[in-house]
Amino acid sequence: MAAPANTSQKEIEITRIFNAAQDRLVLQASDMSLETVAAMVEKGAIDTQPSYQRRERWSPKRQSALIESFLLNIPIPPVYLAEEAYGKYTVIDGKQRLSTITRFMRNKFSLGELEKFTALTGFTFEKLPTEPRNALEIRPYVRVITLLKQSDPDLKYEVFERLNTGGEALYAQEIRNAAFRGKLNDLLFELSTSNFLRQQLKISKNNEPAYLQMQDVEYVLRFITMRDSWTNFSGDYRRSMDKFMEKNRDPSPVQLGAIRKVFLDALTRCEVFWGADAFKRYDGASARNQFLAGMYDAQMVGVSLLSAAKVKKLTLRVPQIRRATRKLFEGGQFEGWVRSGTNTRSSVEGRIGAIKNMLDSIA
């Protein structure tokens with residue numbers, strides 16, 4: 001249908017974008033009882049544990065508060081699913097709600113620390129009085145919004161980015177892991193378990209912030225991305241990593257093997273050359289006990305650019321390497337490159353080049 005003669009070009013463009021957006025995302029909304037939700041999770045129709053999902057788990061108090069909300073007839077935010085195949089769904093937003101519902105409906109925990117319905121303290125689902133127990137089995141308490149298969153896959157990124165879980169915005173890597181699922185994503189998780197990386201990020205347990213926020217996974221991606229593009233860096237880490245994952249979502253087995261090797265080789269070299277001081281800045285004679293992203297870039301990418309023959313020679317020069325690294329912080333631009341304005345192309349090239357040149361200079 002042609003636009004009216006007096007319609008401006010701007011209005012035409014706005015209308016075009018709006019109409020295109022309406023066709024890109026196909027949603028289906030439904031209301032489910034807690035029993036229906038639990039049964040679907042239990043049978044595997046809803047996958048609440050895809051690798052791209054959050055790692056956190058609600059406290060017992062928060063789980064009880066959710067069930068209390070249902071029993072007090074207080075609405076909760078919708079759950080968002082993505083349809084992967086007919087009758088098969090993965091969770092986009094609402095993993096903790098679905099997991100809590102399933103655990104309670106299957107008598108896996110009892111209610112506690114309730115704020116309003118304190119009379120139910122200590123009750124499991126099967127011990128509830130008849131009326132509230134029947135209500136949870138039958139009443140449609142949960143609104144489920146499903147992104148159907150025919151939705152534009154590229155739009156999922158925007159959906160994930162705009163959604164909140166329990167009032168907390170999704171972290172960048174959680175968004176990527178949801179939007180760019182594939183073989184590369186699986187490899188990032190595999191490599192993130194490397195002992196030395198976890199040690200330097202101070203991940204001793206899986207309840208550490210760096211683990212819960214998927215920083216370990218993001219740092220693997222950060223290295224792979226920066227090694228690929230440090231000489232023509234865009235100045236935007238987030239978008240560079242997004243684009244790398246999107247472009248390389250499903251590498252061939254040979255490519256995956258190459259990525260695995262270059263990361264593990266670089267990590268091993270950093271451990272040999274700098275030990276516990278790797279990825280930290282020097283303050284005088286000693287390194288500060290703080291992981292620094294700029295140093296991670298410089299050291300990981302720098303050592304990955306060395307030949308195997310050079311690495312072999314440098315393993316006999318570790319004291320020299322550490323002295324030379326300390327010297328980089330004694331005046332000059334290096335400290336600024338790794339601490340402030342670290343996203344600029346000049347800082348990225350400066351710090352990686354400095355580490356590479358320093359290592360090359362050691363005979």
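Definitions and cut-offs
- Residues numbered from 1 in each chain as written.
- Predicted model: local features only at pLDDT ≥ 70, side-chain atom pairs only at ≥ 80, totals over all residues.
- Heavy atoms only, no water.
- Helix = DSSP H or I, 4+ residues; strand = E, 2+ residues; numbered from the N terminus.
- Phe/Tyr/Trp six-rings, centres within 6.5 Å; stacked < 30°, edge-to-face > 60°.
- Buried < 20%, exposed > 50% of the residue type's maximum accessible area, 1.4 Å probe, protein only.
- Pairing = 2+ DSSP bridges.
- Salt bridge = Lys/Arg side-chain N within 4 Å of Asp/Glu carboxyl O.
- Contact = heavy atoms within 4.5 Å.
- Lys, Arg positive; Asp, Glu negative; His and termini not counted.
- Polar contact = N/O pair within 3.5 Å; in protein donor to acceptor, adjacent residues only side chain to side chain.
- Patch = residues over 30% accessible without salt bridge, like charges linked within 9 Å, V, L, I, M, F, W, Y side chains within 5 Å.
- Areas by Shrake-Rupley, 256 points an atom, 1.4 Å probe, with all protein chains shown as cover.

Per an unreviewed UniProt entry, the protein is named GmrSD restriction endonucleases N-terminal domain-containing protein, and its organism is Paraburkholderia phenazinium.

Chemist: In this structure, what is going on with unusual backbone geometry? I would like to understand it.
Modeler: Most peptide bonds take the trans form, and the phi angle of most residues other than glycine is negative. Even without glycine at this site, asparagine 73 takes up a positive phi of about 60 degrees. Residue placement: asparagine 73 occurs in the loop between α3 (60–71) and β3 (79–85). Backbone geometry places methionine 214, a non-glycine residue, at a positive phi of 60 degrees.

Chemist: Before we go on, may I ask you to explain the packing of aromatic side chains in this structure?
Modeler: For any pair of aromatic rings, the description consists of the separation of the ring centres together with the inter-plane angle of the planes. Following the criterion strictly, the structure yields 14 aromatic pairs and no others. Note on phenylalanine 291 and tyrosine 296: the rings are 5.7 Å apart at their centroids and 35 degrees apart in plane angle, and the pair reads as tilted. Classification of phenylalanine 291 by relative accessible area gives buried; the value is 18%. On the basis of relative accessible area, tyrosine 296 is assigned to the buried category, the value being 0%.

Chemist: Whenever I open this one, the pairing of strand β4 (residues 88–93) confuses me. Can you help?
Modeler: Along any regular strand the residues' side chains alternate between the sheet's two faces. Among the 6 residues of β4, 5 are classified as buried, and the element is accordingly described as predominantly covered. Pairing between strand β2 (residues 46–47) and β4: 2 bridges, direction parallel. Counterpart to aspartate 47 in the pairing with β4 is threonine 90. Looking at chain direction, β3 and β4 are connected through 5 bridges and run antiparallel. When the sheet's bridge partners are listed, alanine 85 is paired in β4 with lysine 88. Hairpin connection, β3 to β4: the antiparallel pair is bridged by 2 residues, and glycine 87 has positive phi, about 80 degrees.

Chemist: Hey, could you run me through the pattern of salt bridges in this one?
Modeler: Pairs may arise between side chains of opposite charge once their charged atoms sit close together. Summed over the entire model, instances satisfying the criterion amount to 16 salt bridges. When the shortest N-O distance is used, the salt bridge between aspartate 31 and arginine 143 registers 2.5 Å. In this pair, aspartate 31 sits in strand β1 (residues 27–32) while arginine 143 sits in strand β5 (residues 142–147), placing the two residues 112 residues apart along the sequence. A salt bridge links arginine 176 to aspartate 242; its shortest N-O distance comes to 2.7 Å. Taken together, the positions of arginine 176 in helix α7 (residues 172–179) and aspartate 242 in helix α12 (residues 237–247) put the pair 66 residues apart, joining distant regions of the chain. Residue arginine 176 shares its accessibility class with aspartate 242, and that shared class is buried. Among the ionic contacts, a cluster of salt bridges with common partners joins Arg176, Glu218, Arg239 and Asp242.

Chemist: How should I be thinking about the pairing of β3 in this particular structure?
Modeler: Summarising the sheet, β3 and β5 pair through 4 bridges and their orientation is parallel. When the sheet's bridge partners are listed, alanine 82 is paired in β5 with leucine 147.

Chemist: Sorry if this is basic, but what is going on with the side chain of serine 64 here?
Modeler: Tracing the backbone through its elements, the reader meets serine 64 in helix α3. What serine 64 contacts, discounting residues up to four positions off in sequence, is Phe109, Ser110, Leu111, Gly112 and Leu114.

Chemist: What is the right way to look at the side chain of glutamate 68 in this model?
Modeler: By the secondary structure assignment, glutamate 68 is in helix α3. No salt bridge is formed by the buried glutamate 68. Its closest oppositely charged neighbour is lysine 116, at 8.0 Å. A polar contact of 2.8 Å, which involves the side chain of glutamate 68, links it to the backbone nitrogen of phenylalanine 117.

Chemist: Would you mind going over a nonpolar patch on the surface with me for this structure?
Modeler: Residues Leu72, Ile74 and Phe117 make up a contiguous nonpolar surface patch of about 220 Å² in total accessible area. Assignment of secondary structure puts leucine 72 in the loop between α3 and β3. Leucine 72 gets classed as partly exposed once you look at its relative accessible area, which sits at 33%.

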